[in-house]
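# Overview (structure and organization)
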Amino acid sequence: MALNPQRQAGAAQIELDDTDHRIIALLRADGRLPYRSIARELGLTEATVRARVRRLEESRTMRVVAVTDIEAAGYGMLLAIGVQVENRSPEEVARELAAIPEVFSVNVVVGAQDLEILMVAEDQGALHRLLQDRIANMAGVRRLTPSLAVNVLKNQPDWVPFHDGELR
């Protein structure tokens, strides 16, 4: 299963040691933490931290990104939508769905649906326009099965499965 095809195509797998894990943990807590502060915290030189972060980024093991709070950005609705596709490949429809700004995750899946998307909408009017005018009328879309999140208990975009000190 390929979770990140760009990682497979463009970068080598690297072994992570305890120092790498500690750097990642500090950057997870504060992605803007200066290299000097990380170095001080871990008892390393700033040059060592800079080189390790560069190695983690170049291998695509780690990315430091900003994560926007969807409510603070003006989106009051979060939806998971199952999409059944016909007369067109799921990958083609997925690429078209991925171009919609409100859609932030597109997955080709197996099961009752061909695709699963995660999207946001400002309000019911915007949701209606997105679902009815844009997505339902898209070539190849046979059926939509939307699910509206009524209470988000966990949304952890920085989650990565670390086990026994190894990235899996």
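Placed above this text is the structure.
Below is a short write-up of the structure. (Residues numbered from 1 in each chain as written. Predicted model: local features only at pLDDT ≥ 70, side-chain atom pairs only at ≥ 80, totals over all residues. Heavy atoms only, no water.)

For the rest of this paragraph, the subject is the overall build of the chain. Scanning the chain from N- to C-terminus turns up six helices and six strands. The order of α-helices and β-strands along the chain, N terminus first, is α-α-α-α-β-α-β-β-α-β-β-β. Out of the 168 residues in the chain, the part that is buried amounts to 28%. Contacts spanning at least 24 positions in sequence make up 63% of the contacts within the chain whose residues lie at least 6 apart. On the chain, roughly 11,300 Å² of surface is accessible, and the fraction owed to carbon and sulfur atoms is 48%. (Helix = DSSP H or I, 4+ residues; strand = E, 2+ residues; numbered from the N terminus. Buried < 20%, exposed > 50% of the residue type's maximum accessible area, 1.4 Å probe, protein only. Contact = heavy atoms within 4.5 Å. Areas by Shrake-Rupley, 256 points an atom, 1.4 Å probe, with all protein chains shown as cover.)

On to the environment of Ile81, then. Looking at the element boundaries, Ile81 is found in strand S1 (residues 77-85). Apart from the residues within four sequence positions on either side, Ile81 is in contact with Leu115, Glu116, Ile117, Met119, Leu131, Leu144, Thr145 and Pro146.

This part is about the pattern of salt bridges. According to the stated counting rule, one finds seven salt bridges in the structure shown. Between Arg142 and Glu86 there is a salt bridge, with its nearest N and O atoms 3.6 Å apart. One end of the pair, Arg142, is in strand S4 (residues 141-148); the other, Glu86, is in the loop between S1 and helix H5 (90-98), with 56 residues separating them in the sequence. Judged by its relative accessible area of 51%, Arg142 falls in the exposed class. Here Glu96 ties to Arg88 by a salt bridge, and the two come within 2.8 Å at their closest N and O atoms. On the basis of relative accessibility, which here comes to 34%, the residue Glu96 falls in the partly exposed class. Of the residues examined, Arg88 reaches a relative accessible area of 23% and is grouped as partly exposed. In this structure, a network of salt bridges that share partners links the residues Asp17, Asp20, Arg52 and Arg55. (Salt bridge = Lys/Arg side-chain N within 4 Å of Asp/Glu carboxyl O.)

By themselves, these figures tell us nothing about what the structure is for.
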